[in-house]
Every structure is written in structure tokens, then in C-alpha cells.
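# Reading the structure
Here is how the chains run, residue by residue.
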Amino acid sequence: MLVFFNTFLYNSVSIDQWRVMRLAGSFQLVLLLVLSSKATGLNIPIEVEQLPTIISHTSGPVIALPYDNDNITIRCEARGNPPPEYRWTKDDLGFIPPKPTTIKSEQLDTDGTFVLQNKSLGRFQGKYRCYASNKLGTAMTEAIELIVPIMPKFPKEKIEPIIVQEGEPFVLKCNPPEGFSPRKIHWMSIGLQHIEQDERVSTGTDGSLYFSHALQKDSRQDYCCFADFRRIIVQKTAMAVEVIPRTPEYESAADRVATLPVRTPSLLLPSGVQTERVLVKGAQLQLECIPGGFPTPTIEWMKMGEDLPTQANLDNFGKLLTIAAIEESDGGTYSCLAKNPAGQAIHYFDVIVEEPPQWLKEPPESQLNVIGSDVHVKCSVSGSPQPDIVWRKNGHIFEDDPLNNKRVLDDTLILHNALPEDSGVYQCEASNRHGGVLANINIMVMNLAPLILTKDYQEYAVIRSQNISMNCRVFGSPLPTISWAKDETPEAIEGERFITLHDGSLQISSTEKEDSAEYVCVADNSEGKSSITAVLAVKEPTQIVNGPQDMQVISGTTAHLTCQAQYDESLKDSFQTVWIKDGEKIQFSLEEPSRYFLSDGMLQIMNVKLSDEGIYTCMAMTRLDVDNVNALLTVLDVPDAPQNVLITKLNNPRNISLSWIPGSDHNSSVIEFIVEYEESQWEPGKWKELHKVPGNQATVELALHGHLNYQFRVYAVNAVGPGPPSEPTERYKTPPAAPDRNPENIKIHGHVPHQMDIGWEPLLPVEQNGPGLEYKVSYRKLDVDDTWSENLVKRHSFVVSNTSTYIPYEIKIRSRNSHGWGPEPKIVTGYSGEDVPTAAPRDIAVEVMNTTVLRVSWNPVPPATVRGHLRGYHVHWLRKRNFLNPDKILDEHQSLSFPGKRTHAIVPGLEPFSEYTLTVNVFNKKGNGPSSDPVTFNTPEGVPEQVPILTTSNARKDSVLLVWGPPLVANGVLTGYHLQYHLINETTMEVLATRELNISGADTTHWQLKGLEEGSLYLFHLSACTRVGCGPPLAQESSTVTPARVAGNQRSSSTRGWFIGTMCAVALLTLVVLTVCFMRRNKGGKYAGTPPPGQQEMLAMDKVKEKEDRHPDEESQAMNDDAFCEYSDSDEKPLRGGSCSLNGDDAVSRDSLVDYADGGGEFSEDGSFIGEYSGHKGEGSVGEPNGFGPVTA
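What you are looking at is a predicted structure, and each value in this text was computed from that prediction instead of being measured. (Residues numbered from 1 in each chain as written. Predicted model: local features only at pLDDT ≥ 70, side-chain atom pairs only at ≥ 80, totals over all residues. Heavy atoms only, no water.)

### Comments concerning the sheet that holds strand β27 (residues 312–315)
Here we have 3 strands laid out as an open sheet, ordered β24-β28-β27, and antiparallel in their pairing. Each of the sheet's edge strands pairs with one partner strand only, and the pair in question is β24 (285–288) and β27. Across the sheet, the axes of successive neighbouring strands diverge by a mean angle of 20°, strand direction being ignored. The pairing of β24 with strand β28 (residues 320–323) spans 4 bridges and is classified as antiparallel. Bridging across to β28, Leu285 finds its partner in Ile323. (Pairing = 2+ DSSP bridges. Helix = DSSP H or I, 4+ residues; strand = E, 2+ residues; numbered from the N terminus. Axes fitted to C-alpha atoms, helices over the stretch in contact; angles between N-to-C directions.)

Structure (C-alpha cells):
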């Protein structure tokens, strides 16, 4: 974006008085100005013709190290219109930069930049200036110094040995060569061993090695000075030192030192009494005093009149005072005092802190002035010593010229009554011995009508309720006034929401849809007027309507974060959804595999990991606005393994305390800790659960088994699942002990009479607590014997022989090992072996309840004859004959089992109009007892089943022929048929009229029904009947014909005769087939529909109940106190599946007999459900039993 200009007001200067004063050896210029006219400081748009302006350049000094292979680039870049051209000077002389063939022109930033190759840098050392010029003027840079240090090296020389008297001070001069900073000096031997330094021997900042006094051990031939210039190290020729002893050499070193004469301190460095040090502010101050004398003098530092600065440091054994960045307040007089018992020496340092020039207020970069105005430019600088100021115009010295109204008054330049030719680049350069600063000031003197630089009909878009600024960049002299109007209205826009800014822009606050319009910017000054139009469109804001919600997701699953937004339709091409996690944008890659997928704004994170946890931000953005919603994604995972699992012994060696440090729960609280153990004796390597600890605890006391070598580990469980286990503890061995418990789950069985089998659940190997495990089995008859029979066994079963049949016993089992007995055992009760019952039920009574159900009752057998646990009763019945065919003897056996102790039962599934015999026996686990005396009874006559077929034919206008077949099962003596027919409205299917007709004669199978309405639809219901009543009807529809159809039938009767004959033959054949089936059905034997043995299905009692709910019967419902179990054709045959239901008020469903059972269902001898009774019967209904009553044996 282009920079808009800012205006500054300056008053013209009339010189009233100049006074120059000299104080304390320095000059101070006092300027009194009276400001009256106007000028402008600005950034001129680049579209306008303007003076050159330096925008960047290399800052000096530039140091080119000899070991660097890089080329040196000197930069200079300027802007201007026309574009500036560049020239360089070196040491104030013209300089044409070289153009190396290896450097391409496009590698240079601008035409003002040049490159010096590293091979020949020495000849380019000097101070450079860059000049950028166009037809309006010239800008210049400050001096850029290029320093090319030479390769440092020591001169070749021969150094004579230094001979010194023991106790005298001496110095080894290094005189390092000139080089580049930083520099380090090392004193070493030829073998590169450092010369030991201390308070007596030390290196000065000048590189020399100073000895406060010589000792015999200082004699050596290889003192070498090494100068280290970063990556370059140079070595001086080795020097030899010979110390002449003052005492005979056979004396020890300690004795010789003790005899050395005391020597008054002197300063080896610096020389003289006082030294002046001048430093630039911010530089490092180093003051050094190295003394000579014996004993070695100590150094004390002081600052006259005040304490040493807090930032002062003492180095080199107190001989060097350093201040890293000196301030003006650090200036003053410092002293160093060297003293020993023989006396003292002192040196003073006068420290003067000066500054290079610095801007107090930097001059404006540009000024635009009206012709005839006064121009003032001031360079306010500071520095010590006081800087000298030089003024230039376009790079040339600009001097005071009062006759031409051009004044240079030290730091101020004044142009009276400025003209266009006074335009140019003026330079103000201030310098002292420590450096200099330079400023370029572009001064343009001109009058110009308003020039609007903003494009006409510029389009702007803004989101409703936001602020917008529409540009009107204007350049002109004098400064133009700017106004705005809306939709070509001449009046300026008013209102608190509309503000014209200082740069000419129109700012509209809290925009509304009605603000969409064209706006006109008008710029006006004394030289003319200009205008442009701006077009504003106010858009609807982007809004996330269904943003992501905070969610928890389990590690390894997929997270779905929704982000749906609404936005202005016109911004559709710029709309995008961006997802950010913890401040970083999520990258979606189609080329590389990624776990992040974006679909219709929804972010899917596949296979979520713990690292995916964080704050996710959905950003819905257009080119104008953005809306965002944050959501916290919490990743749940199994807990980390506990750490530092420790065992602590308690009072008993078999009781320990286990503690641990829980791991991270990964955002799901720990529910419990599971303590596991592994022992090396019985199942090494197999970990088993030992104890569960609540999740808010991290310690547990454990009771251990004896004679085991334990290891323990712990894992945590949270809502996600179990975490990994901890590292195992060290082994913990428990001592052997007596068993802690006795066997459990003792079971007593009587598989054979006169025997009792005792079994139990043995102790686990880890529960034995020691070697030699065995069990003591004790038993006695309940309430008979006082003495226990005892046996020791090692197995976990025992057989008691020669017992009475089914006698109760008390049993207890106690464990022991070689270390003692277990606790006192609990007593359990059991029975000896069973045998089959010996007695049959008596007083059998039968009550026939309807055509298919009877109630049987009996007196129970004496308990002693059961000889075991009473399991229930079997009811057996035999169908002997069917009264429809009394001469045929039948042999149809069936039975039911009724569990538990009972005296009556309900027997279903009987056939109507038949003769039966019935017996009852008791049973236990060993088998069945003898059967009771048989009881004979008869079932009453019932209603027939539904007729198998009903057809209509030979329809006339008032009659129709009905043809049917007799019922397959009559359940009694067939007396005739009952016909009911209904007249039907063919449109609404409503019944309009109903009539009934009784058809006598069991052999009747067709009927011509007359008196019907012509062309009408009828519905026929036909039922077969016995003396008891009629069975269920069969329905059939048919229609009578109209007279026209009858005539048509008569005309076509000759062609349809063959068809009628064929249909009659089919009907006759059907009747024959039905008759044969009926005869086979009534031959006796098994029930119709009975499946062959082995294919019966087992039906659950809830299914039977459901069937009874569909066919309720009041009489059978009243008998729900009785129950049945098994139902079969004979004692030996398996049960057969099937179903039969009877309709009518007095009907009983054979599938609903579960309601009759006291125990709630059927049970076999072992307690399991028994299959549903067999036999398939069609539906039918019967009336009350007639002529039949209870039969008693």
C-alpha cells in the first residue's frame, strides 16, 4: 500500500538576533527564531516526479578478513522519479566499481550495488560514498569504510637470552603483530605446555609476560608467545631466560627464596605516575597495573571521590580493572596501589568519556514548499567533542550566501523567498573524531494543482457493521482541501459516522446496507480542482452457525469436528474454511498419507493420538472478514503404567504393604488399580490378579500365602480400559505355614445304593502354604451318631461304602500340611445313595373337563417308599378306541411328567369321542416306581373341523351352485351343515343383508341356492355340524349375473359345454380324493400330522403361553393350579412336536398348558425343560360335555 502524506506546519523565520558564546573551551550556538510562514514535510508518492531518496545502504565499517573466501558486497539503493543513477567515490575521489565476470548483473540488488572479489581486496581499502542522482537533485550516503587487515605474522628475529638476578623483576616482550579483533595471547613452551601464571607471573593486555621477581625455576629455553586471531595463530621466536641464583645452588628452592632480599614495589606496567584514557561511550574500559617487587605486591583499586562502579570487574589476579560498557558517569580519576612489606607504588588514570555525534531530532526526509515561502531546516545533534556541521546541496558544499537570501547558521539552513530552482537534496553532516552522521533532506519548491493518485471508480467492499476507509490520495501545492459527497449530491457528507481523515480518506464507521453507493472525492487548492468516484458495497458478515464443540474422544478412534458457516453469496469464490490447532494451521495433503481429512467444513482426525489433544479453531473466512470458533479436543486413553512399585514389610512376614506412583490417567479418572502376582514355584511366568484397589488410592496391604517366591506388578483401569502394567518388583519370599483355609464346594452324591461319594474343590497349589498337603474327611449320621469317622486322604474325593439307602450324613473336611492344621471346618449335610421307589400312588380319580382335557388326582406315596429325592409323577394314558369306529382297537400311548410333590395334574391333548385308560407312578433320580391301577374314562363328542373345500359354480341371475367336501375330522356323528350368506356392496364392501340356512344330511356335498338378487356379490360361510354343534366356517365369494350376460351365456353354451364338463369332472375327482383322505384319517393309530420319531421340536413355555393368549378359554383358565411336564405316545417313545387349538368359549388350547403347571413350566427329571406334547389337530369348538361325567376307578 502506498504511504499517504502527512503535513507539518513550519513558520517562516525572520532573523532577530544571533549570539555566539564560547564557554569552557567549547562553542555553543544560540539560535533565536521567530516562525511565521508555512512549509510541509511529507512522503511524496512515487507517481509524482521527485528527488532521489536513499532507502538502504551498507553501514560501515566493513572488515574483510583475509581467511574469508566470501566476496564483499557494498550496497546502495535509492528511489526517485525519474529513477536515480548512481556514482561512487573512494577517499573523496571518483571511483568506478569493478564488474567481475563471475557476478551476474541480476544478482545485484540495484545498479548502485557492487561486489569486490576476495582475491584482491587489499587495493580497495578506503572510505566510499554513494551518490544517487536524477534531473532534480542528488542524494548521498555517509562514508562507508572498507578495512582489509593484512595477514598477521611475527618478524624473523634472533633474540638474545635474558639474564636476570634472582629476586629481580623482568619482562618477556611479545610485541604481537597488527591484526584484527578479537586477539588472544598465549604463552607456552615449545611442547605447547602453558606457562603457569599467578600473582607473580601474568600476561598483560599488551601481550608481554611479566614477572614480579625472578626465581630459579623461571630458567628455561623455550618461552614462546602465540597470538591467536580467531582462526589464525602466529608464533614468536622462542626466548631463553637464565636466572642467576643469589645463594649456592645446593640449597633447596625454599631456602633460597627465604634468603632473597626484600624489594620495594614498582609498576612494570604502566610507566610513569599518571595516564589519560579517552574512550567512546559504550566502549570497554581496561585499566591495568602489573607490579614488580619481593614479596609479590598486592594491588588495590580506587576511584577518587567515590566508590568503584558496581559494574567494574577485577581480572588477572586483581591487576586488571574492566568496565564492559562505559557510561559518562564512569569518567573520573582512578588509582592503583601496589604494596608489600617493603613499601608501595601508585599510578593514576584520568578516564574521559566522549560520544560520537547523534541526532537529537533527525531532520524531516522531505519538505514541500510553496513558491515564495521561507524554508528552514535544522540539524540538532549532540556529541563530545562538539560535532562540526557541514551543509551540502546535491552533494556539493553549500555555504552561507546572505545576498541571495541563503543562510547557513551552524546547525540551521534558511532559504528566504524560495524559488523552484532552490529545489534539491540538501545534506547535513555532523562529525567529530569519533564518527559522524549524515541526513538527506529533499526540499521541493513548487505550485501544483491537485493531482489525485487514487484510481477513479475504485471499488470497495466492507462487512456490515464494520468500518471502511475509501482512499483519496492527493498531491498538490499548496495543500489541497478535500471533501466527500454521496451519489453525486453536491452537499458534503455529514454525520457522526462519516469522517474525512487527514490523508483525505473517507472513513465510515459501523457501516449499514444503505451505505452501499457511489461517493465523490473533491480536492481543491488555489491552482485548481480534481475529483474521483469511489464505489462502496456493504456485504453480510460471515458467521459460523454450527461450530465445533468441546469433545472427548478415545485414542485410536476418529474425531469429528463440525464447522458450518453462512456468508455473503457475492463472496463465495473467496470463502474458505481453515482449521488451526494450538495456533498452527493444519495442512491437508492429497499426495502424502494424512490423518486429517476436510469434507464440507468438517474436520475428521483419523486414528486419534494423544498428541492430537489441544484447542482447535475453525476459521470461516472470506477476503473481507473471518469468524472463528474454538473447541477443546480432549483425548482419552488408557492410563500409563504406575511407577516405583515398592514393597514394605509389616509385622507379619506374610503381610506386606505395596505402594506405587500412578501414571497419567490421560483425561479419564482411574477407576481402580489391579495388583497382580507371579510366583516361581507352581506357575512361573503366569501373572494372576491378586487384589483390586480403588482408583483414589496408591497403596494396599496384602495378605500372602506361605512358601512362595512372589513378584508383584500393578496396572490402572479407567473408563477407556486397562493400561499397561508396571515393571515387576523384586522377588519377595514368604515362609511356610499351616493352611489358611479348608476345601470348599463339598458335594455329596449317591450314585449307587448303599454308597456315598464325597467330593470337594481342593486347595490351589499357591494356597497350600507348604509341603505335605492332605485332607481329613470326617462324617457321621445326622442326629444318630455322636462319633465322627475320620480318614486322611491326599486326593480330593472319598467314598463311604455300606451305607443305608438315602440316609442324611454330616460331613466336614479339614486341610493340613507339614506345618500344621487349617482352621476348624464347617459342617455340611448330604445323603447316601438312592434306589427306585417301591410304592404306587393310590385312589386315582379322573374328571373329564371337556373333549380334550381332563383333571387327574391321586393320594401320594409314603415318603419312606420313595427311597430318594422325590422328583415327581408320571401320568400315562392309552387311547383304546374311537366311538366313530368302535370295532377297531387302538393302541395310542402318551404320557406327561409333573415335577415335585403334588396330588393332581391337568392332562391335555385328548381326542374327542374316544375311550381311554390312565395310570400314575412316582419317580426319583434312580428311576420310576410301580404304576397305579388303571382307570378307564371316555371323552365326549366334539364339533367337526372346518370343511376342506368350498366352491361356487353355475351362477345365474338369482341362483348359484355351492359344492364342498366333508370335514376330514368329524369329532362326532355328522348331522349336516350350516350355511350363512351375505349380500355385499361392491363399492364399499359393506354387508347389506344376511341370511342363514341349515342343510340336513351328513352325505350332502352340494346345494343350489336360489332367491338371490341378480348382478350382486355374495359372501358364503359353510360349517359342518354334529349333535354338539357346528365347527368353524369356510368362506367363499361369488356373484350372480345380469340378463344380458345370461343371454350371452345361452348363445355361447354350445361352445362352452366342454368346459363345464371338464369342471364337473375336476369337482368329482376332488370329492373322491377328500373321501379317501377322510377314511384313512379315521382308521385309528397315530394322530394326523404327527411327525416321525426323532423330528419333534422343543418349544419353550413362553411360546406356549403366547399361543394360549391368542386362544383364551374360560374353563381352562380356571384350572391354572395344575401342571404337566412330559407328553408322549408311550413310555418308551420320545416326545413329538405339534400344536392344536380349539375355538369357542369352552375351548382349551393344547399349546397353553404352561398355565396349568404349578412349577411354571415343564421339567424333565434333571430339571430341564421337556418338549411340547405331540399331536396335530385342526381348529374346532365344542359345547358342554353331554352324557359324560367323571369316571372313578
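### Regarding the environment of Val164
With respect to the helices and strands, Val164 occurs in strand β14 (residues 162–165). Through-space distance from the C-alpha of Val164 to that of Ile244 is 6.1 Å; in sequence the pair is 80 residues apart. Excluding residues within four positions of it along the chain, Val164 makes contact with Pro169, Phe170, Ala214, Val241, Glu242, Val243 and Ile244. (Contact = heavy atoms within 4.5 Å.)

### Quick look at the sheet that holds strand β85 (residues 1006–1009)
Sheet architecture is open: 3 strands sit in the order β81-β82-β85, paired in antiparallel fashion. Bordering the open sheet on either side are β81 (950–953) and β85, each of which pairs with just one other strand. Averaged over all adjacent pairs, the angle separating strand axes in this sheet is 20°, with direction ignored. Note: strand β82 (residues 960–964) against β85, 4 bridges, orientation antiparallel. Considered in β85, the bridge of Val963 is made with His1006.

### Details of the confidence of the model for the protein chain
Mean pLDDT over the protein chain works out to 83, with 82% of the residues at or above the 70 mark. Mean pLDDT in the protein chain bottoms out at strand β2 (residues 26–35), which sits at 27, and peaks at strand β18 (residues 209–211), which reaches 97. Predicted confidence is poor over residues 1050–1058, with pLDDT under 50, and the contacts of this stretch with residues over four places away or in other chains come to 1 contact. (pLDDT = per-residue confidence, 0-100.)

### Remarks on unusual backbone geometry
Of the consecutive residues Leu269 and Pro270, the connecting peptide bond is found in the cis state with omega at 0°. Relative to the assigned elements, Pro270 resides in the loop between β22 (263–269) and β23 (274–280). Phe294 connects to Pro295 through a cis peptide bond whose omega is -5°. Considering the arrangement of structural elements, one finds Pro295 in the loop between β25 (290–294) and β26 (298–303). Notably, Asn954 is not glycine yet its phi reads approximately 55°, a positive angle. If you trace the backbone, Asn954 turns up in the loop between β81 and β82. Accessibility expressed as a relative area gives 41% for Asn954, which makes it partly exposed. (Buried < 20%, exposed > 50% of the residue type's maximum accessible area, 1.4 Å probe, protein only.)

### Here's the deal with the packing of aromatic side chains
Overall, the coordinates contain 23 aromatic pairs when judged by the stated rule. With a centroid separation of 5.6 Å and an interplanar angle of 65°, the aromatic rings of Trp760 and Tyr775 are classed as edge-to-face. Here Trp760 is found in strand β67 (residues 755–761), whereas its partner Tyr775 is found in strand β68 (residues 774–781), with 15 residues between them in sequence. Residue classification places Trp760 among the buried residues on the basis of a relative accessible area of 5%. Between Tyr981 and Tyr1018 the ring centres are 6.4 Å apart and the planes differ by 55°, which places this aromatic pair in the tilted class. A residue pair is termed long-range when its members are at least 10 positions apart, and Tyr981 in strand β83 (residues 974–984) and Tyr1018 in strand β86 (residues 1017–1026) qualify at 37 residues. (Phe/Tyr/Trp six-rings, centres within 6.5 Å; stacked < 30°, edge-to-face > 60°.)

### Points about the pairing of strand β59 (residues 643–649)
Across 5 bridges, the pairing between β59 and strand β60 (residues 655–661) is antiparallel. Paired with Thr648 across the two strands is Ser657, which belongs to β60. Hairpin connection from β59 to β60: 5 residues lie between these consecutive antiparallel strands.

### Notes on the state of the cysteines
Here the structure, examined in full by the defined rule, presents 7 disulfides. Between the sulfur atoms of Cys1025 and its disulfide mate Cys1030 the distance is 1.8 Å. Looking along the S-S bond of the Cys1025-Cys1030 disulfide, the torsion reads about 90°, which is the right-handed sense. On the basis of relative accessibility, which here comes to 7%, the residue Cys1025 falls in the buried class. Here Cys224 is not disulfide-linked; the sulfur of Cys225 is the nearest cysteine sulfur, at 8.9 Å. (Disulfide = S-S within 2.5 Å.)

### Considering the environment of Glu327
Within the secondary structure, Glu327 is located in the loop between β28 and β29 (332–340). For the pair Glu327 and Glu355, spaced 28 residues apart in sequence, the C-alpha to C-alpha distance is 9.8 Å. Non-local contacts of Glu327, meaning those with residues more than four positions away in its chain, are made with Lys281 and Val353.

### A look at the nonpolar core
Within the largest apolar cluster, 28 residues are counted, with the highest numbers of intra-cluster contacts made by Ile72, Ile74, Trp88, Phe114, Leu116, Tyr128 and Leu146. Contributing elements (two or more residues each) for this core: β4 (50–57), β6 (72–74), β7 (76–81), β10 (114–116), β11 (126–134) and β13 (144–147). Setting aside residues no more than four positions away along its own chain, Ile74 makes contact with Thr58, Val62, Trp88, Gly112, Thr113, Phe114 and Ile144. (Core = buried A, V, L, I, M, F, W, Y, C linked by side-chain atoms within 4.5 Å.)

### Focus: the side chain of Glu834
Summarising the element assignment, Glu834 is placed in the loop between β73 (828–831) and β74 (842–848). For Glu834, the side chain forms a polar contact with the main-chain nitrogen of His869, separated by 3.2 Å. Apart from the residues lying within four places of it in its own chain, the contact partners of Glu834 are Gly750, Val752, Pro753, Thr805, Tyr806, Arg867, Gly868, His869, Asn924, Lys925 and Lys926. (Polar contact = N/O pair within 3.5 Å; in protein donor to acceptor, adjacent residues only side chain to side chain.)

### Some words on the pairing of strand β57 (residues 614–621)
Of all 8 residues in β57, 7 are buried; the element is thus mostly enclosed. Inspection of the sheet shows strand β53 (residues 576–581) paired to β57 by 6 bridges, in the antiparallel sense. If you follow Thr577 over to β57, its bridge partner there is Ala620. Taken together, the 8 bridges between β57 and strand β58 (residues 626–636) define a ladder with antiparallel strand orientation. When the bridges of β58 are listed, Cys618 appears paired with Val629. If you look at the hairpin formed by β57 and β58, you'll find 4 residues sitting between the two strands.

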